Amino acid sequence: MAERSPMQAARALWHTQRVKRLVRDRLGNGATYLVSVRETICTDPDCAGPATEVRITSLSFRETRLTIHKPVSKVSYADIAEVF
C-alpha cells in the first residue's frame with residue numbers, strides 16, 4: 001500500500017470529519033450516536049471507484065451500516081439525506 005503524504009492524510013481526515021458532522025446534523029441527536037466513516041473499495045460493478053461506509057452505533061449498541069457510492073471527498077448533505 002502506498003504511503004500518503006501528510007497533506008493527503010490531512011485532507012482525508014478533514015473530509016471524514018466533515019461527513020461525520022453531516023451525519024450527526026441529519027440524525028439531530030448529537031452525542032447519542034457513535035458515527036464512524038471510512039472510505040473503502042467498492043465491490044459493486046456499477047460503482048466507478050471508492051465508496052464511503054458510514055457506521056452508526058447507538059448507546060444501546062444497535063449498529064446501522066450504510067454505503068454511499070462516492071469517495072468521502074465527494075459526499076454531500078443531499079447524499080446523507082438520501083440514505084437516511
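Because the structure is predicted, anything quoted here is derived from the model rather than measured.

Visitor: Honestly, the overall build of the protein chain in this entry has me stumped. Any pointers?
Guide: Assigned secondary structure in the protein chain consists of two helices and three strands. Helices (α) and strands (β) of the protein chain occur, in sequence order from the N terminus, as α-β-β-β-α. C-alpha extents for the protein chain along the principal axes are approximately 40 × 30 × 25 Å. Per-residue burial for the protein chain yields a buried fraction of 29% across its 84 residues. If you take every contact in the protein chain between residues at least 6 apart in sequence, the share linking residues at least 24 apart comes to 35%. One way to put it: in the protein chain the 13 positive side-chain charges average out to a point 6 Å from where the 9 negative ones average out.

Visitor: What's the story with the nonpolar core in this structure? I'm lost.
Guide: Across soluble globular proteins, nonpolar side chains have a tendency to be buried as a group. Core analysis: the biggest nonpolar cluster contains 12 residues, these being V19, L22, V23, V35, V37, V54, I56, L66, I68, V72, V75 and I80. If you list the elements that add at least two residues to this core, you get α1 (6-27), β1 (33-41), β2 (50-58) and β3 (63-68). With three residues, the single largest contributor to this core is α1.

Visitor: Any chance you could explain the sheet that holds β2 here in plain terms?
Guide: Picture the strands of a sheet paired through backbone hydrogen bonds; they go either parallel or antiparallel. If you trace the three strands from one edge of the open sheet to the other, you get β1-β2-β3, paired in antiparallel fashion. The two strands at the open ends of the sheet, each matched to only one other strand, are β1 and β3. Going across the sheet, the axis of each strand differs from the next one's by a mean of 20°, ignoring polarity. One ladder, built from six bridges, connects β2 with β3; its direction is antiparallel. Within the sheet, the bridge partner assigned to T52 lies in β3 and is I68. Of the strands in this sheet, β1 and β2 are in contact with α1, which crosses β1 at around 135°.

Visitor: What exactly am I supposed to notice about the side chain of R18 here?
Guide: Within the fold, R18 resides in helix α1. Aside from chain neighbours lying at most four places away, what touches R18 is V72, S73, K74 and V75.

Visitor: I tried to follow unusual backbone geometry on my own but got confused; where do I start?
Guide: Residues apart from glycine generally show negative phi values, whereas peptide bonds are mostly found in trans. Of note in this structure, F61 is not a glycine but carries a positive phi near 65°. Assignment of secondary structure puts F61 in the loop between β2 and β3.

Visitor: How should I be thinking about the side chain of T52 in this particular structure?
Guide: Within the secondary structure, T52 sits in strand β2. On the accessibility criterion, T52 (0% relative accessible area) is buried. Sequence-distant contacts of T52, defined by excluding residues within four places in its chain, comprise V37, R38, E39, L66, T67, I68, K70, P71, V72 and V75.

What counts, and at which threshold
Residues numbered from 1 in each chain as written. Predicted model: local features only at pLDDT ≥ 70, side-chain atom pairs only at ≥ 80, totals over all residues. Heavy atoms only, no water. Helix = DSSP H or I, 4+ residues; strand = E, 2+ residues; numbered from the N terminus. Buried < 20%, exposed > 50% of the residue type's maximum accessible area, 1.4 Å probe, protein only. Contact = heavy atoms within 4.5 Å. Lys, Arg positive; Asp, Glu negative; His and termini not counted. Charge placed at Lys NZ, Arg CZ, Asp CG, Glu CD. Core = buried A, V, L, I, M, F, W, Y, C linked by side-chain atoms within 4.5 Å. Pairing = 2+ DSSP bridges. Axes fitted to C-alpha atoms, helices over the stretch in contact; angles between N-to-C directions.

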